[in-house]
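Structure at a glance
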2 protein chains.
Amino acid sequence: MKEPAAVVIKEVGPRDGLQNEQVTIATEDKIAWINQLSKSGVTHIEITSFVNPRWIPALADAVEVALGIDRVPGVTYSALVPNARGLERALTANIDEVAVFLSASETHNRKNINKTIEETLPILREVATEALAAGKKIRGYVSTVFGCPYEGHVATESVIRITDALLEMGVGEVSLGDTTGIANPRQVQDVLAILLERFSHDQLAMHFHDTYGSGLANVYASLQMGMTTFDASTGGLGGCPYAPGAAGNISTDDLLYMLHGMGIHTGIDHGRLLEAAAFIQAKIGRQLPSRNLQAYLSGNNS
Amino acid sequence: MKEPAAVVIKEVGPRDGLQNEQVTIATEDKIAWINQLSKSGVTHIEITSFVNPRWIPALADAVEVALGIDRVPGVTYSALVPNARGLERALTANIDEVAVFLSASETHNRKNINKTIEETLPILREVATEALAAGKKIRGYVSTVFGCPYEGHVATESVIRITDALLEMGVGEVSLGDTTGIANPRQVQDVLAILLERFSHDQLAMHFHDTYGSGLANVYASLQMGMTTFDASTGGLGGCPYAPGAAGNISTDDLLYMLHGMGIHTGIDHGRLLEAAAFIQAKIGRQLPSRNLQAYLSGNNS
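Residues numbered from 1 in each chain as written. Chains lettered and ligands numbered in written order. Predicted model: local features only at pLDDT ≥ 70, side-chain atom pairs only at ≥ 80, totals over all residues. Heavy atoms only, no water.

All right, on to the overall build of chain A then. Broken down by element type, chain A carries 12 helices and eight strands. Its C-alpha atoms give chain A a radius of gyration of 18 Å, near enough to 19 Å, the size a compact globule of 302 residues would have. Judged by the C-alpha coordinates and their principal axes, chain A covers about 50 × 45 × 35 Å. Put simply, chain A has 302 residues, and 62% of those count as buried. For chain A, the proportion of contacts with a sequence separation of at least 24, taken over those separated by at least 6, is 73%. In chain A, 23 positive and 33 negative side-chain charges are present, and the distance between their average locations comes to 3 Å. (Helix = DSSP H or I, 4+ residues; strand = E, 2+ residues; numbered from the N terminus. Rg over C-alpha atoms; globule rule 2.2 N^0.38 Å. Buried < 20%, exposed > 50% of the residue type's maximum accessible area, 1.4 Å probe, protein only. Contact = heavy atoms within 4.5 Å. Lys, Arg positive; Asp, Glu negative; His and termini not counted. Charge placed at Lys NZ, Arg CZ, Asp CG, Glu CD.)

In this complex, chain B contributes 39 residues to the contact, which on the side of chain A involves 39 residues. Summing both sides of the interface, chain B and chain A together bury roughly 3,300 Å²; the carbon and sulfur share of this comes to 50%. It is R186, Y212 and R291 of chain B that lose the most area in chain B upon contact with chain A, and together they represent 26% of the buried surface on that side. At the junction of chain B and chain A, the tally comes to four salt bridges. For E3 of chain B, the salt bridge goes to R186 of chain A, with nearest N and O atoms at 2.6 Å. Viewed at the interface, chain A and chain B are joined by 15 residue pairs in polar contact (both at pLDDT 80 or more). Only α8 (185-198), α9 (215-224), α10 (252-261) and α12 (291-297) of chain B provide two or more residues apiece to the side of chain B that touches chain A. With five residues, the top contributor of residues to the side of chain B that touches chain A is α9 of chain B. Split into classes, the residues belonging to the side of chain B that touches chain A amount to 19 nonpolar, 15 polar and five charged. (Buried area = accessible area lost by both parts, 1.4 Å probe. Salt bridge = Lys/Arg side-chain N within 4 Å of Asp/Glu carboxyl O. Polar contact = N/O pair within 3.5 Å; in protein donor to acceptor, adjacent residues only side chain to side chain. Nonpolar A, V, L, I, M, F, W, Y, C, P; charged D, E, K, R; others polar.)

Before going further, it helps to spend a moment on the UniProt feature "domain: Pyruvate carboxyltransferase" (unreviewed entry) in chain A. With numbering aligned to this structure, UniProt lists the feature "domain: Pyruvate carboxyltransferase" (unreviewed entry) at residues 7-274 of chain A. This span, residues 7-274 of chain A, is 42% helix and 16% strand, and a straight line between its end C-alpha atoms measures 19 Å. (UniProt positions renumbered as here; feature names shortened; annotations may be inferred.)

Further remarks concern the relation of the copies chain B and chain A. Note on the identical chains: chain B maps onto chain A by a rotation of 180 degrees and an axial translation of 0.0 Å, with an RMSD of 0.0 Å. Read as a symmetry element, the transformation amounts to a two-fold axis. Minimal C-alpha separation from the rotation axis in chain B is found for A217 of chain B, amounting to 1.9 Å. (Least-squares fit on C-alpha atoms with pLDDT ≥ 70 in both.)

Residues and elements named next belong to chain A. Looking at the secondary structure, you find I45 in strand β2 (residues 44-49). With relative accessibility at 0%, the residue I45 sits in the buried group. Residues I45 and N114 lie 69 residues apart in sequence; the distance between their C-alpha atoms is 27 Å. Sequence-distant contacts of I45, that is, excluding residues within four places in its chain, are made with E11, P14, I34, L37, S38, V75, T76, Y77 and S78.

What follows deals with the packing of aromatic side chains. As enumerated under the stated definition, the model contains five aromatic pairs over all chains in all. A cation over a ring is seen here: R15 of chain A above Y141 of chain A, with NZ or CZ 5.3 Å from the ring centre. (Phe/Tyr/Trp six-rings, centres within 6.5 Å; stacked < 30°, edge-to-face > 60°. Lys NZ or Arg CZ within 6 Å of the ring centre and 35° of its normal.)

Residue and element names in this part refer to chain A. Among all positions of helix α4 (residues 84-92), only G86, L87 and A90 are buried. End-on, the buried residues of α4 take up no more than an arc of 100 degrees, which puts them together on one face. In α4, the exposed positions angled more than 90 degrees off the buried face are occupied by R85, E88 and T92. Looking at the buried side of α4, the elements it contacts are β4 (97-103) and α6 (117-133). Remark: N94 follows α4 within two positions and exhibits a positive phi of approximately 60 degrees. (Arc of directions from axis to C-beta.)

Here we come to the packing of helix α9 (residues 215-224) of chain A against α9 of chain B. Interaxial distance between α9 of chain A and α9 of chain B falls to 7 Å at its minimum, and their mutual angle equals 50 degrees. On the basis of their axis angle, the class for α9 of chain A and α9 of chain B is oblique. For α9 of chain A against α9 of chain B, the interelement crossing comes out right-handed. Here L216, A217, Y220, A221 and Q224 of chain A of α9 of chain A lie close against α9 of chain B, whose contacting residues are L216, A217, Y220, A221 and Q224 of chain B. (Axes fitted to C-alpha atoms, helices over the stretch in contact; angles between N-to-C directions. Parallel < 35°, antiparallel > 145°, perpendicular 65-115°, else oblique. Left-handed = near helix turned anticlockwise from the far one by under 90°.)

Our focus in this paragraph is the side chain of R139 of chain A. Residues and elements named next belong to chain A. Mapping R139 onto the fold places it in strand β5 (residues 137-143). R139 sits in the buried class, given a relative accessible area of 1%. Only 3.1 Å separates the side chain of R139 from the side chain of Y141, close enough to count as a polar contact. Side-chain polar atoms of R139 contact the side chain of E173, separated by 2.8 Å. When neighbours within four sequence positions are excluded, R139 is seen to be in contact with K10, H44, E97, V98, A99, V100, V171, E173, S175, A205, T229 and D231.

Residues and elements named next belong to chain B. For α8, built from 14 residues, the straight-helix expectation of 20 Å at 1.5 Å per residue is met to within 8% by its first-to-last C-alpha distance of 20 Å. Along α8, the residues that are buried comprise P185, V188, Q189, V191, L192 and L195. Structurally, the start of α8 carries an N-cap: the backbone nitrogen of R186 is 3.0 Å from a side-chain oxygen of N184. (Expected span 1.5 Å × (residues − 1).)

In this section: the pairing of β5 of chain A. Residue and element names in this part refer to chain A. With six of seven residues buried, β5 lies mostly within the body of the structure. By the bridge criterion, four bridges tie β5 to strand β6 (residues 173-178) in an arrangement that is parallel. Of the residues in β6, the one forming a bridge with R139 is E173. Read from β5 through helix α7 (residues 156-168) to β6, the crossover connection turns out right-handed. (Pairing = 2+ DSSP bridges. Right-handed = clockwise from strand over helix to strand, strands pointing away.)

Attention now goes to the side chain of Q294 of chain B. Mapped onto the fold, Q294 of chain B is located in helix α12. Given a relative accessible area of 11%, Q294 of chain B falls into the buried group. When sequence neighbours within four positions are dropped, the list of residues in contact with Q294 of chain B reads G245 of chain A together with Q281, Q287 and L288 of chain B.

With that settled, consider the pairing of strand β5 (residues 137-143) of chain B. Note that strand β4 (residues 97-103) of chain B and β5 of chain B share seven bridges and pair parallel. Looking at the pairing, V100 of chain B lines up with G140 of chain B of β5 of chain B.

Below, the discussion takes up unusual backbone geometry. Residue and element names in this part refer to chain A. In this structure, N94 takes a positive phi of about 60 degrees despite not being glycine. Turning to its location among the elements, N94 is positioned in the loop between α4 and β4. For N94, a relative accessible area of 42% puts it in the partly exposed group. In the Ramachandran plot, N114 falls in the positive-phi region, its phi being about 70 degrees despite a non-glycine side chain. The exposure class of N114 is exposed, given its relative accessible area of 65%.

So this is what it looks like as structure tokens:
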């Protein structure tokens, strides 16, 4: 039994969630929501993205959000940064941590970033070097770790090679993304068995999407491999750019329910998290995928 | 690694699903849907309930449904039967298998059946005896195995005692119900470890609800304990009488996606099952909880 006694949940709803929603949320509502999250006991929030606003207009107010929120001591406020120009804005906005990203699949990387993996790495290295010099922590995202919507199978060797490169440039933690939610728990354990021969548990985080409903099963499979860090999104916010209308990231509230039921500590208050989920659902104006949120709103939260 | 190579899915949507939906489905639509399910490769369908129609008006057409469907060879058509009067109707309707039910929690049993557990057992024994004499198979449901909405903790000794009684009266398989969806995977493994000391894998089935999102994680935990039979509902149909608006049974389509991804055989065609799910969602007139169904309807079913 290698299941951990405590887990760190990294809330990615304000970035990965909102970036994939059709509705644009007002800046003041984003700020109010992030402040609610900070007060729920979440210790790590990815609050926005400094990609070019032309790509993701929903997050064009990145600097305003970052400067507008209350900074709760002990909470790390992170943001996605694609390149040196993005880093400049991120530093202006006084972000605690910079998250860089690329894909383990060549085709997905090219469609997403318009560059090959080899062309992407030096750009990330430049961001990482400058961010480290500015005293920031660096997180790395690797997409399509468990499969690619264009290529299908993704070789774990590619994930190893990229993770090596990210760690080498000063990234503290690499988040392994099941971008389209296609992973299954057996595969998760098989891939982690390989990766954990080379990397330590605290160098890796798991980033599951719930597109096909296997998200929490994949979390449980990861817990059994000793993993302790999971990305999740309040209410299950977000979606899949390849399947509009589909579910997004695994829901923070559902993840909490399972972990707390198992006796695993998170430090997060489930009730406060559900209030924050109800708040953002009302702003989005559609029923979010979280099961706990719907049970809570129906007036019965056991 | 005790995970099985093949799994039997028992479709309970036409009974456990529809019984908890607000909308009443026309008899001919139920028949059309069950016929679609039969053709998808599902080998066991709980098609209706012969409880008093005053209790569950949505299933008052039980006899018409049972006599109206195409009986596909190799498919077992099962129905819920509460007592001798229900059995009479079930025999008229030529059901293959009779499902009897009670709760592992005294309070839940009294609220649900209006009798104590001790008072319920002789009634089930009478149904089982007559059904066996009529050449029918018998299935047993035990509710609130992992916790009760009234009592909280449920002793596994109570589950053992009831399972003993059910097997003794000729029940071939006991389905262990997480009635309100509160189980977690660690608890599932702990409870199964106790039960499997006394009962064989083929005497037990798992019946999870997805009220709080842990349904498929609980399935994965059960697979690791060698369990091979799972109840599920097309589209995740149904709900929780204690939390209106909450999710129902685990979704057959999401379960299939995970099992097939893991290389576990079910004999069910995922595409046909999704067509059946889309059909019943259109009749119900609300978005069902299944993640696969929403991804499928958004035009992208990887």
